[in-house]
Amino acid sequence: MKNNSNKRINLLVDGAKMALIIAIACGLVSLIVFAVSEDPWNAIYNFFVGPFTTLRRAGNIVEAASPLMFTALGVIIIFGAGQFSMISEGSFFIGTAGAMIVAISCQLPSGIHPVAAILFAGILGMLVALIPALLKMKWDVSELVTSIMLNYVVQFFVIYLVTYYFRETESSSLCSVLFQDSATLSVIIDGTRIHAGVVLGVVVCVVMWIILYRTSFGTALRITGDNGLFAKYTGLKVTGIMVAAQGIAGFIAGIGGGAELLGMYTRFKWTSTPGYGWTGIVVALLARRNPLFVPLAAAFIAYMNVGADIMARNSDVGREMVDIIQGVMMLLIAADALLQGWRQRMIVKAAKAEEEVKA
Amino acid sequence: MRVLQSICSPDFLFMWIRVATPILFAALGAAVCNKAGVVNLGLEGIMLISALFGVLAGAMGGGLFWGIVGGIGSALVVSTIFAYFHLVMKANATLCGTAINTAASGLTVFVLQLATGEKGNSSSLHSFSFPKVEIPIIKDIPVLGDILSGHNALTYVAILMVILVYLLMYKTPLGLRMRAVGENEHAASSVGQNVIKIRFVAILICGVLTGLGGMYLSMGYMDMFVRDMVAGRGFIALAACSMGQATPVGALVSSLVFAFFDGLSNVLQVLQLPSQFVQMLPYAATIAGLTIFSIQQSVRAKRKMNKLKTV
């Protein structure tokens, strides 16, 4: 009974906190726009309403959410195991390269080709994510710094691969040759570019939720993340779980990279990492580290990004504003003390009420 | 062979000191924070913001003085936000730092566009840089003078800061309190130390040092702000700090180690290597450096354990 009421209070406070943060984010958008724009109403309209004006734009939201779901899941699993590896970014990018290699150089039937490419992307993503994990396990090297450094290494390595082995020589800007037709993911809703990778993302979210909350491995992982020492003394193989978590996270971020490349592009065009790993952290926090909320959180962040793009095209406000908003949201969500007093008072009140009932 | 020749030249040694300066500043800041028990991942963002606002404030105020005010002021503002959210609002330091970095990369481009109409760099603004300094007697010594004299004023400030941070941490009551809070916050607070206040001060000191590092990039190393010009130096500084075990002299030595590879990547451009491998070198070297250091640490720890067992 008591446990139940605490749960309800937590849910209420968490919900209120998220609503407050989203309200602050929207308020901040308006504030910045009014401070810098000549025609603020136009910019505001484009930002908030713009993404819904055409089917194509609404589709853009779903497309932009797709890579964020994968990287956010990676972040959730890594942070969930109590590790602070930022490797989602690198795993995602090496995943795009892996998918590119298979998409260009293998001859496979059309049903199998994208599957093979995305699997290869996932494996590469996993291998990259295991580097900081194993360094930490073996010699206690800080995974935080090595993973960030590794992201840079991966970025240059992928650009090297494209430049020296897959480059389209007829184009003046850096891009790869065209993928084979059999490799690209099909569009699932006409009039948009929403591709099969989006479905894959949602499926992976559900699968991850099941793994985290309905299997013994998931329980062990969460215990390890909540209290590593406790987990160790209960006999869990803590380091093994941490390494496995990072491997799985890398795999997911990797297939995210593969799906993004084959779903949205016909050649490799990036010249630096797109930053989905970092944005994935905001999404993961916004989803309260629950895989089931990830699609929703990813859609919200994607909505803001699409809105910012439309606003930048049609007004005098730059799209980079959205990064500022994302940073502020991250700060606010991470702030454990926010509304904590309110939560505390409600729990105390509920406990007192219960005692009175008993008496 | 040509590479070896150019490494041994005074030009390379001069450049080595030049590229080490920003890393050293940030690593010293990280050392102060680390000793007080805070891992400040926001160094990268603080450097970026102070690099931009140093240039902007200098151009607007019409003098180097205003640039310094803008650069250090902005670094202090960002550090205050970091400290407030981490210490008062109890947010995880890693997340706070990531948030600062995310916001900083957007904010700098956003403000740059507002100020200059461009998103790439601030070349259209007149920026005030720190002057180069010739050291009187040393500059006349043949080879040594070429290496040690003629650097940017901030480079000498950085070396001075190694001494100042050392004095602060090991010879003042405040330094003792910071180290106590970092060593064991409960023990420190049980004898009446205000943990939050002391850490707040440490983060602000770190902010000033890191801000100087950022300003060096846009007002010394180059004479304009370029988008994303920090390029991971804040993170490399964190690595340098932990490799130097968060001591000022350790930070100096490890900054020099990492900067060596930064400089080497400049020299290697003469070879026929793919440029991407050259660009990746400083980051790969940081991973390798940290790993070697940690292996050494774990071997030492093991040996100690064995010794204890035999006793």
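Refer to the structure printed above.
Here is a short report on the structure shown in this document. Note that the structure is a prediction, hence the values are computed from the model and not measured. (Residues numbered from 1 in each chain as written. Chains lettered and ligands numbered in written order. Predicted model: local features only at pLDDT ≥ 70, side-chain atom pairs only at ≥ 80, totals over all residues. Heavy atoms only, no water.)

**Digging into the overall build of chain A**
Across its full length, chain A carries 14 helices and zero strands. The secondary structure elements of chain A, listed N-terminal to C-terminal, are α-α-α-α-α-α-α-α-α-α-α-α-α-α. By the compact-globule yardstick of 21 Å for 359 residues, chain A fits well, its C-alpha radius of gyration being 22 Å. Dimensions of chain A, computed from the C-alpha atoms along their principal axes, are close to 85 × 60 × 35 Å. Expressed as a percentage of contacts within chain A between residues at least 6 apart in sequence, the contacts between residues at least 24 apart total 75%. Per element, the accessible surface of chain A, about 15500 Å² overall, is 63% carbon and sulfur. (Helix = DSSP H or I, 4+ residues; strand = E, 2+ residues; numbered from the N terminus. Rg over C-alpha atoms; globule rule 2.2 N^0.38 Å. Contact = heavy atoms within 4.5 Å. Areas by Shrake-Rupley, 256 points an atom, 1.4 Å probe, with all protein chains shown as cover.)

**Describing the nonpolar core**
Counting 204 residues, the largest nonpolar core has A:Met321 and A:Met329 as its most contacted members. In this structure, A:Met329 is in contact with A:Ile21, A:Ala25, A:Leu286, A:Phe300, A:Ile301 and A:Met304, ignoring residues within four places of it in sequence. (Core = buried A, V, L, I, M, F, W, Y, C linked by side-chain atoms within 4.5 Å. Buried < 20%, exposed > 50% of the residue type's maximum accessible area, 1.4 Å probe, protein only.)

**Things to note about the layout of surface pockets**
All names here are of chain A. Estimated volume of the second largest pocket: approximately 1200 Å³. Residue lining of the second largest pocket: 35 residues in total, with Asp-14, Leu-285, Ala-287, Arg-288 and Arg-289 positioned closest to the centre. Mapped onto the lining of the second largest pocket, the elements with two or more residues apiece are α1 (2–36), α3 (55–80), α7 (196–214), α8 (216–226), α11 (276–286), α12 (294–314), α13 (321–334) and α14 (340–358). Residue contributions to the lining of the second largest pocket peak at eight residues, all from α1. (1 Å grid on protein atoms, 1.4 Å probe; cavity = no way out; pocket = protein on both sides within 12 Å on 5 of 7 lines; lining within 4 Å. Points joined across faces, edges and corners; volume = space filled by probe spheres on them.)

**Remarks on the side chain of B:Ser265**
Residue and element names in this part refer to chain B. Along the chain, Ser-265 turns up in helix α12 (residues 248–267). What makes Ser-265 buried here is its relative accessible area of 7%. Excluding its chain neighbours within four sequence positions, the residues that come into contact with Ser-265 are Val-278, Leu-281 and Pro-282.

**Re the packing of aromatic side chains**
Throughout the structure, instances matching the rule amount to 26 aromatic pairs over all chains. Judged by centre distance (5.2 Å) and plane angle (35°), the rings of B:Tyr166 and B:Tyr170 are tilted. Linking B:Tyr166 with B:Tyr170, this pair stays in helix α7 (residues 153–171), spanning four residues, or about one helical turn. Taken together through their ring pairs, the aromatic side chains of A:Phe157, A:Tyr160, A:Tyr164, A:Tyr165 and B:Phe277 make up a single cluster. (Phe/Tyr/Trp six-rings, centres within 6.5 Å; stacked < 30°, edge-to-face > 60°.)

**Considerations on helix α6 (residues 143–165) of chain A**
Since the α-helix advances by 3.6 residues per turn, residues separated by three or four positions end up pointing in the same direction. Helix length check: α6(A), at 23 residues, gives a terminal C-alpha distance of 31 Å against a target of 33 Å (1.5 Å per residue), a fit within 8%. Counting buried positions along α6(A) gives 19 out of 23 residues, so the element sits mostly inside the fold. (Expected span 1.5 Å × (residues − 1).)

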